[in-house]
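# Report on the structure
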Amino acid sequence: MLVYTTCTIRNSKKEIDLMAAKKLQAFWNHPAGPKTIHFWAPTFKWGISIANIADFSKPPEKLSYPQQLAVTFTGLIWTRYSLVITPKNWNLFSVNVAMAGTGLYQLSRKIKHDYLSETEAAVAKE
């Protein structure tokens, strides 16, 4: 059973290789293409950015500084890394730009709520 399954997987992979259009061959066979973890890890990492975008509707008092700092700095550090490695991984680059951007936006909302709204309220009382 295991040998049959392994052979079937190998044959399926060869069939998919043959079926891919010539225009997609460069993408399919790229060192950071869909046949490698270098494609799938950043692809699934988009879930973090999408979740952070979904949190835009959350009230700022429910946002977490440690979480948003982690998202922001992870995005900034890995954005730089994605441009240094060979081959350049543009999927990794784009997901980390999105992570850094959404993290910075959430941090700005949290800071504005925690510090600037109190200042505005104090000025309004005077």
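The structure under discussion appears in the preceding block.
Below, the structure is looked at part by part. A quick note: this is a predicted structure, and the numbers were derived from the prediction, not measured.

### Some details on the environment of D114
Along the chain, D114 falls in helix α5 (residues 90–125). Given a relative accessible area of 17%, D114 falls into the buried group. Sequence separation between D114 and P60 is 54 residues, and the spatial gap between their C-alpha atoms is 8.4 Å. Looking at D114, its side chain comes within polar contact range of the side chain of H113, at 3.0 Å.

### Here we look at the pattern of salt bridges
Here the structure, examined in full by the defined rule, presents one salt bridge. A salt bridge links D114 to K110; its shortest N-O distance comes to 3.6 Å. In this pair, D114 and K110 both sit in helix α5, four residues apart, roughly one turn of the helix. What makes K110 buried here is its relative accessible area of 9%.

### Side note on helix α3 (residues 37–54)
Since the α-helix turns once every 3.6 residues, residues separated by three or four places project in the same direction. Between the first and last C-alpha of α3 there are 26 Å, a value that for 18 residues agrees with the 26 Å anticipated at 1.5 Å per step. Within the span of α3, buried status applies to F39, P42, K45, S49 and N52. Along α3, the residues classed as buried sweep out an arc of 130° about the axis, all on the same side. Seen from the open side of α3, the exposed residues pointing more than 90 degrees away from its buried face are I37, F44 and I50.

Parameters and conventions
In this convention, every chain numbers its residues from 1, walking through the sequence in written order. For this predicted model, a pLDDT threshold of at least 70 governs which residues receive local features, and a threshold of 80 or more governs which side-chain atom pairs are given and counted, while totals over whole chains, interfaces and linings are taken from all residues. Based on all heavy atoms of the structure, the side-chain values leave hydrogens and waters out of the count. In this text, helices come from DSSP runs of H or I with a minimum length of four residues, and strands from runs of E with a minimum of two, each type numbered from the N-terminal end. Only protein chains enter the accessibility calculation, which uses a 1.4 Å probe. A residue is then buried if its area is under 20% of the maximum for its type, exposed if over 50%, and partly exposed in between. Two N or O atoms count as a polar contact when they lie within 3.5 Å, although within protein this holds only if one can serve as hydrogen donor and the other as acceptor, and sequence-adjacent residues are included solely when both atoms are side-chain atoms. In what follows, salt bridge is the name for a side-chain nitrogen of Lys or Arg lying within 4 Å of a carboxyl oxygen of Asp or Glu. Any helix carries an expected span of 1.5 Å times its number of residues minus one. Of all possible arcs, the one meant is that of the directions from the helix axis to the C-beta atoms.

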